[in-house]
Amino acid sequence: MDLPRYDLHCHSTMSDGSLSPEDLVQRAEARGLEVLALTDHDTIEGVYKLQELRSDLHFISGAEFTCAWNRRILHIVGLGFDSEAAELRQYFARLSELRKSRAEKIAAQLIKMGLPDLLEDAAAQSGGGSIGRPHFARAMVARKVVSNEQQAFKKYLGVGKKGDVKMEWPSLEEAVSVIRSASGIAVLAHPTKYKMTFTKIREAIADFVAVGGEGIEISYPGVTPDHQFHLIRIAKDNGLLISAGSDFHSPGQGWTDIGKYPPLKSEENHILSRLLN
Ligand code: AMP
Ligand code: MN
Ligand code: MN
Ligand code: MN
């Protein structure tokens, strides 16, 4: 199959992206994309917005599910699910509450570190969408607590920092199960971005496959040709579909854009052959 131009991983203002779903679609069209999955963190509010749009783009329903595996956080991209499925709706309602209570905890931790109460600022930054650490980072930049978002993560919000509060995220199994219950395909997002060795990645994949995971991203910004070689190998060994996406958040990230990711070294078992038929 000749693949269309696609992006199967990106964010809008419904989570921590800076473009509205509508503006994101415009940008995708301008860059010549034909297939797009909006994959906001733990919400499908943007997916509903796309369903109301007129566009020549082919939309695939999507979301990036935050979940826990062996005391680590993994991101699972769910694609091609029925966005009306009751289980999925309940799941995201629960995640919305979880993220709200997490935001309160993050704000309280930051106060302990001597920062002002940033809860309202962060909520305002989130625009009522799914709230996350990047919104706290932006609130800090706006208040000149730090000079940029990177610094906010480095000092306050990144792994191991006080603002990275421990949460009872859904398990890997729960995330994969809810995607499958809504007839979607679960894909492990950006496997080399978790600071895991390839041995650990293989362990994670084995558990992921055991609970019904079916795909793996092999191309995204920052993946090296060597990484991709390993990931393709892992995909083959586990009979996984391959996927790719830009993880685009904002036009301000000069190093990536919607539809932009390293060329695929293999298109065998591409997830689009399942999603587009
Ligand atoms: P959350 O879902 O609230 O845990 O936030 C995770 C998001 O924060 C990721 O999807 C990235 O967009 C962003 N992020 C994570 N780490 C960093 C970092 N070191 N610098 C900038 N942004 C980051
Ligand atoms: Mn993000
Ligand atoms: Mn992610
Ligand atoms: Mn993402």
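Since this is a predicted model, take the numbers as computed values, not measurements.

Analysis parameters
Residues numbered from 1 in each chain as written. Chains lettered and ligands numbered in written order. Predicted model: local features only at pLDDT ≥ 70, side-chain atom pairs only at ≥ 80, totals over all residues. Heavy atoms only, no water. Domains from an automatic or database assignment. Contact = heavy atoms within 4.5 Å. Buried area = accessible area lost by both parts, 1.4 Å probe. Salt bridge = Lys/Arg side-chain N within 4 Å of Asp/Glu carboxyl O. Polar contact = N/O pair within 3.5 Å; in protein donor to acceptor, adjacent residues only side chain to side chain. Pairing = 2+ DSSP bridges. Helix = DSSP H or I, 4+ residues; strand = E, 2+ residues; numbered from the N terminus.

> Would you take a moment to explain the domain arrangement of the protein chain for this structure?
Accessible area lost upon the coming together of the parts is a frequently used measure of interface size. Per the domain assignment, the segments making up the protein chain are domain 1 (6-90 + 171-275) and domain 2 (93-157). The gap between the C-alpha centroids of domain 1 and domain 2 is 24 Å. The partner domain 2 presents 10 residues to the 12 residues of domain 1 that form the contact. Looking only at domain 1, the three residues that lose the most surface to domain 2 are D16, D42 and Q90, adding up to 47% of its buried area. Linking domain 1 with domain 2 are 2 salt bridges, by the criterion used here. A salt bridge links R94 to E174, with the shortest nitrogen-to-oxygen separation between them at 3.2 Å. The interface formed by domain 1 and domain 2 contains 10 residue pairs in polar contact (both at pLDDT 80 or more).

> Help me understand the sheet that holds strand β3 (residues 58-60), please; the structure alone is not making it clear to me.
For sheets, the rule is that strands pair by backbone hydrogen bonds, running either parallel or antiparallel. The 3 strands are arranged β1-β2-β3 in an open sheet whose pairing can be described as parallel. Unpaired on one side and paired on the other, β1 (6-7) and β3 mark the two borders of the sheet. Two elements, strand β2 (residues 35-37) and β3, share 3 bridges in a ladder whose sense is parallel. Counterpart to A37 in the pairing with β3 is I60.

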